[in-house]
Amino acid sequence: EPGRIVLDPLRRYGAPIDAETGVPVDAILDALKAGGGQDPQTVAEWFGVPLEAVQAAIHFERSLAA
């Protein structure tokens, strides 16, 4: 979802977060990689965030690699 990930210096010192929930993108990405890889829906449930937040974190990471 466009605009879901924000870098706001007033929130978590400008580190990328999910705008709606405040969950750090790096925490979501680390959870996806935990234990050899986790399902996005499972990670969404762990953090109590919508699946769209996890998908946005994945998209954000991929956009940095491009």
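Look up: the structure comes first, before these words.
In this text, all values refer to a predicted model and were calculated from it rather than measured experimentally.

**Student:** Got a minute to help me understand the pattern of salt bridges in this structure?
**Tutor:** When the charged atoms of two side chains with opposite charge come close together, those side chains can pair. Scanning all chains against the criterion turns up 4 salt bridges. Note that R4 is salt-bridged to D18, the shortest N-O span being 2.5 Å. In this pair, R4 sits in the segment before strand 1 (5-6) while D18 sits in strand 2 (residues 17-18), placing the two residues 14 residues apart along the sequence. The closest approach of N and O atoms between D26 and R12, which form a salt bridge, is 3.3 Å. Taken as a pair, D26 in helix 1 (residues 25-33) and R12 in the loop between strand 1 and strand 2 lie far apart in primary sequence, 14 residues in all. Within this structure, R4, D18 and E20 form a network of salt bridges that share partners.

**Student:** How should I be thinking about the packing of helix 2 (residues 40-47) against helix 3 (residues 51-65) in this particular structure?
**Tutor:** When two helices pack together, their arrangement is given by the angle between the helix axes and by the axis-to-axis distance. Look at helix 2 against helix 3: their axes get within 8 Å of each other, and the N-to-C directions meet at 115°. Like other packed secondary-structure pairs, helix 2 and helix 3 cross with a definite hand, here right-handed. Of helix 3, the residues touching helix 2 (which contributes P40, Q41, V43 and A44) are L51, V54 and I58. Among the residues forming the contact of helix 2 with helix 3, the class breakdown is 6 nonpolar, 1 polar and no charged.

**Student:** Would you explain helix 1 in this entry?
**Tutor:** Quick reminder: α-helices carry 3.6 residues per turn. Residues three or four places apart thus point the same way. Residues V25, I28, L29, A31 and L32 constitute the buried set of helix 1. Taken end-on, helix 1 shows its buried residues confined to a sector of 160°, consistent with a single buried face. In helix 1, the exposed residues that point more than 90 degrees away from the buried face are D30 and K33. Tucked inside the fold, the buried residues of helix 1 contact strand 1, strand 2, helix 2 and helix 3. At the exit of helix 1 stands G35, carrying a positive phi of roughly 60°.

**Student:** I would appreciate a short explanation of the side chain of R4 in the present structure.
**Tutor:** The buried category is assigned to R4, whose relative accessible area is 6%. Reaching out from R4, the side chain makes a polar contact with the side chain of D18 at a distance of 2.5 Å. Those residues in contact with R4, other than ones at most four positions away along the chain, are I17, D18, A19, E20, T21, P50, E52, A53 and A56.

Each value, and the rule that gives it
Residues numbered from 1 in each chain as written. Predicted model: local features only at pLDDT ≥ 70, side-chain atom pairs only at ≥ 80, totals over all residues. Heavy atoms only, no water. Salt bridge = Lys/Arg side-chain N within 4 Å of Asp/Glu carboxyl O. Helix = DSSP H or I, 4+ residues; strand = E, 2+ residues; numbered from the N terminus. Axes fitted to C-alpha atoms, helices over the stretch in contact; angles between N-to-C directions. Left-handed = near helix turned anticlockwise from the far one by under 90°. Contact = heavy atoms within 4.5 Å. Nonpolar A, V, L, I, M, F, W, Y, C, P; charged D, E, K, R; others polar. Buried < 20%, exposed > 50% of the residue type's maximum accessible area, 1.4 Å probe, protein only. Arc of directions from axis to C-beta. Polar contact = N/O pair within 3.5 Å; in protein donor to acceptor, adjacent residues only side chain to side chain.

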